[in-house]
Amino acid sequence: MTAIRPEKDVDIILVHGLFIGPWAWDRVREHLPDEFTVHTPELPFQSLASDAALVRGQVASSVAAGRAVLLIGHSYGGMVISEAGHDATHLAYLAALAPEPGQTTADVAAGCVTDLCNAAMIPSDDGQTISIDPEQAPAAWYHLSSSEDAAASIARHRSAQASIFGEAVARPAWLERPSTYIQCTEDRAVDPGYQSSMSRRMVTLASVSGDHSAFISVPSKVAAVIEMLARSCGASSIGRSPGQEKRLTPP
């Protein structure tokens, strides 16, 4: 079968979630063809506004260069791309939070983040930052990853400003731009039921049998979905409106 060729060059922007960094995408990048330019911005975790501004700037740069943009957010990264992705060609949510208008991270999390995940997030004594309990993180984020991979990832976790959880997204981009939800069916951090419900509201849907850190546990499967989306960017097959779902099945 001949691979779908995008109508123009495609930039893939991979946005990580809270507490981790661009390194989380390293294994996925290894599986993506060289024909795509891949960007992995590092979120500062000072505010949702500043995280979104960073990503919005990358999207603008790619668009100005005449390139299609596939913008992907993982977990909290879904809040970021919802705020920053209005000029992207296509959005993809990997086990991610997808806010309704006016919702904050805390609002969305209340309906989808598991007790296991909540128990692993520890506020600082002054309540200004949130960090991850290294003892509880493996069960919530890395239960399908090797113990070595989990330990290496946990060692690189960063804290985030607690105020991030209270910032709202007024006009979520996924309600305006063609979007795909990528379910992680074995996720123990973001409820798979929530992921399933969100996937039915977006233009296309896909699933991988991974944990919340599927980019580490099953990177080739995540990359296969991303490659399929990137090859289809700008094509009519994913340019429809929400409510006209199509399941993506990577080879």
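Since the structure is predicted, the reported quantities are computational estimates derived from the model, not experimental observations. (Residues numbered from 1 in each chain as written. Predicted model: local features only at pLDDT ≥ 70, side-chain atom pairs only at ≥ 80, totals over all residues. Heavy atoms only, no water.)

(A) Inspection of the overall build of the chain at higher detail. Looking only at helices and strands, the chain has 10 helices and 12 strands in total. Over its C-alpha atoms, taken along the principal directions, the chain stretches across nearly 55 × 35 × 30 Å. When burial is assessed residue by residue, the chain has 52% of its 251 residues classed as buried. Taking the intrachain contacts of the chain between residues at least 6 apart in sequence as the baseline, contacts between residues at least 24 apart amount to 73%. If you sum the accessible surface of the chain, you get close to 10,200 Å²; carbon and sulfur atoms cover 49% of it. (Helix = DSSP H or I, 4+ residues; strand = E, 2+ residues; numbered from the N terminus. Buried < 20%, exposed > 50% of the residue type's maximum accessible area, 1.4 Å probe, protein only. Contact = heavy atoms within 4.5 Å. Areas by Shrake-Rupley, 256 points an atom, 1.4 Å probe, with all protein chains shown as cover.)

(B) Region of interest: the pattern of salt bridges. Evaluated as defined, the whole model comprises eight salt bridges. Ionic pairing is found between Arg27 and Asp149, a salt bridge with its closest N-O pair at 2.7 Å. Pair noted here: Arg27 is in helix H1 (residues 26-31) and Asp149 is in helix H7 (residues 147-154), with a separation of 122 residues, a long-range link. The class for Arg27 is partly exposed, based on a relative accessible area of 33%. One salt bridge connects Glu83 with Arg56, and the closest N-O pair in it is separated by 3.9 Å. In this pair, Glu83 sits in helix H3 (residues 77-84) while Arg56 sits in helix H2 (residues 48-64), placing the two residues 27 residues apart along the sequence. One salt-bridge network, in which partners are shared between bridges, spans Asp9, Asp11 and Arg67. (Salt bridge = Lys/Arg side-chain N within 4 Å of Asp/Glu carboxyl O.)

(C) The nonpolar core, seen in detail. Counting residues in hydrophobic clusters, the biggest one holds 82 residues, and the most contacted among them are Ile12, Leu70, Leu71, Tyr76, Tyr93, Trp141 and Ile226. It is helix H10 (residues 219-232) that contributes the most residues to this core, six residues altogether. Once residues within four sequence positions are removed from consideration, Leu70 is found in contact with Val10, Asp11, Ile12, Ile13, His90, Ile226, Leu229, Ala230 and Cys233. (Core = buried A, V, L, I, M, F, W, Y, C linked by side-chain atoms within 4.5 Å.)

(D) The arrangement of the environment of Gly17 in detail. Within the secondary structure layout, Gly17 lies in the loop between strand S1 (10-15) and H1. Classification of Gly17 as buried rests on a relative accessible area of 1%. Sequence separation between Gly17 and Met79 is 62 residues, and the spatial gap between their C-alpha atoms is 9.2 Å. Once you skip the residues sitting within four places of it in the chain, Gly17 turns out to touch Phe45, His74, Ser75, Tyr76 and Gly77.

(E) Expanded view of the pairing of strand S3 (residues 68-74). S3 sits mainly inside the fold: seven of its seven residues count as buried. By the bridge criterion, six bridges tie S1 to S3 in an arrangement that is parallel. Residue pairing in the sheet places Ile12 in a bridge with Leu70 of S3. Two strands pair when backbone bridges link them, and S3 and strand S4 (residues 90-94) are joined in this way by five bridges, in the parallel orientation. Within S4, the residue paired with His74 across the bridge is Leu94. Read as a crossover between parallel neighbours, the route from S3 over H3 to S4 is right-handed. (Pairing = 2+ DSSP bridges. Right-handed = clockwise from strand over helix to strand, strands pointing away.)

(F) Broad picture of the confidence of the model for the chain. In the predicted model, the chain carries a mean pLDDT of 92, and 90% of its residues have values of at least 70. Across residues 236-245 the pLDDT falls below 50, and counting only partners more than four positions away or on other chains, this stretch makes 29 contacts in the model. (pLDDT = per-residue confidence, 0-100.)

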